[in-house]
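# Analysis of the macromolecular model
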Amino acid sequence: MTGRSKENYNRNYINYVNTFDPPTQHVKTCLRAFGVGGFICCIGQFFRFMLEFAGLTGDELAGTVSILLIFLGCLLTGFGVYDRIGKNAGAGSIVPITGFANSVASPAIEFKTEGLVYGMAAKMFIVAGPIIVFGVSAGAAVGLLYWLIAL
């Protein structure tokens, strides 16, 4: 095939594939993601207000709200609700802390048939593991850079 006919072939193939792919509605998708992510954050803020009213302050308050949101994300993942939320909300459901809980709980549920050690424990961080490694590495790099600048 010459370069020109290969280009034509690729263009024709892409056009053929695009006939099966519905057009993306970017504005609608972004608004849904913003709405769902905002709603999840509003739930977290509601927890914060209620716990603050109950007398918690500072780190205790922040930790308890985080634990409640992680529990809620894992609970909804276990019942299969979080996946449906994710299909409709897109990135709006993965940005808050509940999305991170979902990324840990989903593989654990999926691979539980392989056993506790080789299934759940080994596969639990298959999605979230790289995020944790990058977060720790980036934090160490920024801390080292800050330390070098402060010298």
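The rules behind these values
- Residues numbered from 1 in each chain as written.
- Predicted model: local features only at pLDDT ≥ 70, side-chain atom pairs only at ≥ 80, totals over all residues.
- Heavy atoms only, no water.
- Helix = DSSP H or I, 4+ residues; strand = E, 2+ residues; numbered from the N terminus.
- Contact = heavy atoms within 4.5 Å.
- Expected span 1.5 Å × (residues − 1).
- Buried < 20%, exposed > 50% of the residue type's maximum accessible area, 1.4 Å probe, protein only.
- Axes fitted to C-alpha atoms, helices over the stretch in contact; angles between N-to-C directions.
- Parallel < 35°, antiparallel > 145°, perpendicular 65-115°, else oblique.
- Left-handed = near helix turned anticlockwise from the far one by under 90°.
- Nonpolar A, V, L, I, M, F, W, Y, C, P; charged D, E, K, R; others polar.

## Observations regarding the environment of G99
- Along the polypeptide, G99 turns up in helix α5 (residues 97–110).
- Taking C-alpha positions, G99 is 19 Å from F111, a pair spaced 12 residues apart along the chain.
- Ignoring any residue separated from it by four or fewer positions in sequence, one finds G99 in contact with Y82, S93 and I94.

## Some words on helix α2 (residues 26–53)
- Its 28 residues give α2 an end-to-end C-alpha distance of 40 Å, which sits within 8% of 40 Å, the value for a rise of 1.5 Å per residue.
- Looking at α2, one finds that the buried residues are A33, G37, I40, G44 and L51.
- Positive backbone phi, approximately 115°, marks G55, located one or two places after α2.

## Let's talk about the side chain of N102
- Within the fold, N102 resides in helix α5.
- When its relative accessible area of 12% is taken as the criterion, N102 is described as buried.
- If near-sequence neighbours (up to four positions away) are discounted, N102 is found in contact with T77, Y82, D83 and P107.

## Brief notes about the packing of α2 against helix α3 (residues 58–78)
- Where α2 contacts α3, the axes come no closer than 9 Å and their chain directions differ by 135°. With respect to α3, the axis of α2 lies oblique. Taken as a pair, α2 and α3 cross one another with a handedness that is right-handed. On α3, the residues touching I40, I43, G44, F47, R48, L51 and E52 of α2 are L61, T64, V65, L68, L69 and L72.
- When its residues are assigned to classes, the contact of α2 with α3 shows nine nonpolar, two polar and two charged.

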